[in-house]
Amino acid sequence: MSSQWRKAKRAFGLNLCYSVSRNVNEEDEKEKDSPAPANDSFSGAALLCRPGPGALSKSSTVPFQKTCSICLATMKPGDGHAIFTAECCHAFHFHCITSNVKDGNQACPVCRAEWKEVLIQGPRTDPASGKARNRKTVGWRPQHDTIMTVIRRLPSSRPNFYQNGMSPSEVTEPAQFDGDEPLNQQELMKLNASVSSDPPSEPIKIIDMRTYLETSPFPSTRSCDSFAVLIQLKAAVTNASKNSTLDHDDLPYISRTTRTPIDLVTVLDISGSMAGTKLALLKRAMGFVIQNLSSNDRLSVVAFSSTAQRLFPLQRMTESGGQQALQAVNSLVANGGTNIAEGLRIGAKEMEERREKNPVTSIILLSDGQDTYTVDRSGGNESELNHQSLLPSIMEGNDGSRFQIPVHTFGFGTDHDASFMHSISEASGGTFSYIETEAAIQDAFAQCIGGLLTVVVQQLQVDIECVHPAVGIRTMRSGSYPGRTTADGRTGYINVGDLYADEERDFLVHVNVPMEQSNNDTSLLKVRCMFKDPSTREMVTLKSVEVKVSRPVTVEQEVVSIEVDRQRNRLNAAEAMSQARFTAEHGDLAGAAAILENCRKMLKETVSVKCQDQLCVALDMELKEMQERLASRHVYESTGRAYILSGLSSHSWQRATSRGDSTDSSCIIHAYQTPSMIEMLTRSQASLMASPATQRHIHPALFFTSPNPR
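For clarity, every value in this text was computed on a predicted model and none was experimentally measured. (Residues numbered from 1 in each chain as written. Predicted model: local features only at pLDDT ≥ 70, side-chain atom pairs only at ≥ 80, totals over all residues. Heavy atoms only, no water.)

Colleague: What is the right way to read the pattern of salt bridges from this model?
Modeller: Pairing between side chains becomes possible if they bear opposite charge and their charged atoms approach one another. Within this structure, the stated rule accounts for 27 salt bridges. Note that R222 is salt-bridged to E558, the shortest N-O span being 2.4 Å. Taken together, the residues R222 in the loop between β5 (207-213) and β6 (224-235) and E558 in the loop between β20 (545-549) and α12 (562-585) connect sequence positions 336 residues apart. Residue class for R222 comes out partly exposed when judged on its relative accessible area of 39%. Taking the shortest distance from any N to any O, the salt bridge between R600 and E597 comes out at 3.6 Å. In this pair, R600 and E597 both sit in helix α13 (residues 589-604), three residues apart, roughly one turn of the helix. The partly exposed category is assigned to E597, whose relative accessible area is 26%. (Salt bridge = Lys/Arg side-chain N within 4 Å of Asp/Glu carboxyl O. Helix = DSSP H or I, 4+ residues; strand = E, 2+ residues; numbered from the N terminus. Buried < 20%, exposed > 50% of the residue type's maximum accessible area, 1.4 Å probe, protein only.)

Below, the structure written as structure tokens:
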């Protein structure tokens, strides 16, 4: 018995962790029979824990685990990071595993084995003096600045929802989700003051509107039933992107000291398939999101498996709020089935019932599986599934009445329900990203929030009116953006919604052009746009732009506009992706590949591709990649469907999505990225290249200190 206490005291003195055997007397007898070690000292850099009685026999040997199963960083005794080995023989960095244990999680994150020995907190002492130390541990709150000791686990008096896999009927849900933290009104007043200090003409500079004709001049002796007019909208440049290496001299510029705050709800899948590396990477990615939110932003986290639960209501990401959010995320344990619809319902309810609202709102939904509770897959045909039945009721209805909060969905791995995730994003005005490589999850989140944190335009609507009495609108090609024309074809409307800083939207309007008796210009359209400035929450209407085409009698050579040709190629490629996906869902993979091949052939004959236009060249490469993912039914269902839908989402909304490995520098998918997205991606990749101590564990100082003003 004395030897056990001697070892325990030595472990405490060196800030180590020691497991006391269940049978102390038996251990003493074994120690008497064994020779004393030559050097009975311990390394202060390692945390030792002997496996429990049932884990390994004394004679068995286990090779040392070189990688922490939580943060995926290299583990090596003596590298300055304490190591904890559980009784199930899985090893972790000490600071990684304590985040789970201190929140009551008493199962191995890798194998889900219930631990009979767990860590508890005790006073931390200085090895030299034995006095309590007050040094703040990285990433911990002061009250957690303690040493962890291994003790025998007692039955828990408080059940844990995530560990025990409670049924939906056992989960207590508030009747009203009205517990959101109040906004910082003083900071909002400062934001309004900074905006009001701008020149009176500043709101007009938020959007730059231009138009391009398919060809100009156009002979007056000819008529055309489908003459293309390109309407291009470019959002303003922010302070950060103005300082970038890109050329923004001809673009509008907003000079504001603070950005518009956001309400963000993340709906995260913690089903059993997320156990191990996936959940560890998700926690790391959420840490990055929390790190890059400001004290005026509010975050709520909803986790779902067999059922769903809100971890905490919308709260401001102040120092204390950020630490609480990190602790809540680190407490997640993977278990149970996949109920995506329930998680989405809770997330939508949190947004709908909040008492106060930040100007910008969004939901992020991530899942690696298929809904096993709401979707009936007995038919086996993916194209015949009614994914609309999974959407919350507040997201259903007509375009004017449906929920106006975008849901950006992320399909994780090869087994997620890409069709459902894409349907959710399409119905809400969000995007669908496909995270094929597990390590790319943080980059995918980084690109998304890089845009969300720079919203400069909301509720954007484009109004199109024909001027010449013989001119009428034939078609409006607006992608996923809802558009409509009046019965007489004289007026059209396109609802665009939000724009990030530096984002561009292009819409092709086809009109009929009549013959002209004179050589005068023909006035085709008047285009104007109106939107809400999120910083002032006021509606702004821009001065209309009149579109005219020159009409000489003869034209020696008609020159096709590169801008119009580029957008026509984008829309044609998006339609080919949609048709190929439909064909593949009905079992004709060869037919789907043929559709993509025909589109590639048409692209190569266009002016923009011959001029090596960057977007069109990338489209050709992307279509080729999609063809390769139609090689077999297995390849299509595991990666092809998600890859095609993510590309379709990107080109239809003209917004960047992740697909493939976004960490690969040779990745061809960089379309629609804004400078703010690129900057956030750079931050993410820099953090991944950092040392394990800063890479995997968020430091409070880093959380609130940013090199650039937000």
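Having seen it, we continue.
Colleague: When you look at helix α10 (residues 418-428) in this model, what are you seeing that I'm missing?
Modeller: Along an α-helix, residues three or four positions apart point the same way, because every turn accommodates 3.6 residues. With respect to burial, α10 is a largely interior element, 10 of its 11 residues being buried. Buried residues in α10 make contact with α9 (340-352), β10 (360-367), β11 (407-412), β12 (432-435), α12 and α16 (633-653). Just downstream of α10 lies G429, where phi reads positive at about 90°. (Contact = heavy atoms within 4.5 Å.)

Colleague: Looking at this structure, I do not really get the packing of α12 against α13. What am I missing?
Modeller: For any two helices packed against each other, the geometry is given by the interaxial angle and the distance between the axes. Close contact between α12 and α13 brings their axes to 7 Å; oriented N to C, the two are set at 170°. In this view, α12 runs roughly antiparallel relative to α13, as classed from their interaxial angle. Within the contact between the two elements, α12 uses N569, N572, A573, A576, M577, Q579, A580, T583 and A584 and α13 uses L589, G591, A592, I595, L596, C599 and L603. Residue classes in the contact of α12 with α13 are distributed as 11 nonpolar, five polar and no charged. (Axes fitted to C-alpha atoms, helices over the stretch in contact; angles between N-to-C directions. Parallel < 35°, antiparallel > 145°, perpendicular 65-115°, else oblique. Nonpolar A, V, L, I, M, F, W, Y, C, P; charged D, E, K, R; others polar.)

Colleague: Just checking my understanding: could you explain the packing of aromatic side chains for this structure?
Modeller: In this description, a pair of aromatic rings is defined by centroid distance and the angle of the planes. Counted according to the given criterion, the structure contains four aromatic pairs. Aromatic pair F410 and F445: ring centres 5.0 Å apart, planes at 70°, arrangement edge-to-face. Here the residue F410 occupies a position in strand β11, and F445 occupies one in helix α11 (residues 441-452), the gap between them amounting to 35 residues. The class for F445 is buried, based on a relative accessible area of 0%. Between Y481 and F507, the ring centres sit 5.8 Å apart and the planes meet at 90°, which makes this aromatic pair edge-to-face. Placement of the pair is Y481 in the loop between β14 (473-477) and β15 (483-485) and F507 in strand β17 (residues 504-513), with a sequence separation of 26 residues. No difference in accessibility class separates Y481 from F507, as the two residues are buried. (Phe/Tyr/Trp six-rings, centres within 6.5 Å; stacked < 30°, edge-to-face > 60°.)

Colleague: Please clarify how the nonpolar core should be interpreted in this entry.
Modeller: If you look at soluble globular proteins, the nonpolar side chains tend to sit buried side by side. Ranked by internal contacts, the top residues of the largest apolar core, which has 92 residues, are L282, L299, L365, L366, F445 and L630. Every residue in contact with L299, bar those within four places of it in the chain, is listed here: L264, T266, M286, I290, L293, F312, P313, L314, Q315, M317 and A325. (Core = buried A, V, L, I, M, F, W, Y, C linked by side-chain atoms within 4.5 Å.)

Colleague: How do you make sense of the environment of D502 when you look at a structure like this?
Modeller: Looking at the element boundaries, D502 is found in the loop between β16 (491-500) and β17. Note on D502: relative accessible area 6%, which makes it buried. Between the alpha carbons of D502 and I206 there is a distance of 10.0 Å; along the sequence they are 296 residues apart.

Colleague: Before we go on, may I ask you to explain the packing of α13 against helix α15 (residues 614-628) in this structure?
Modeller: At a closest axis distance of 9 Å, the pairing of α13 and α15 adopts a crossing angle of 165°. Classified by the angle their axes make, α13 and α15 are roughly antiparallel. Note that α13 runs across α15; the crossing there is left-handed. Along the contact surface, α13 presents A593, L596, E597, C599, R600, L603 and K604, while α15 presents L619, D620, L623, K624, M626 and Q627. Its residues assigned to classes, the contact of α13 with α15 comprises seven nonpolar, one polar and five charged. (Left-handed = near helix turned anticlockwise from the far one by under 90°.)

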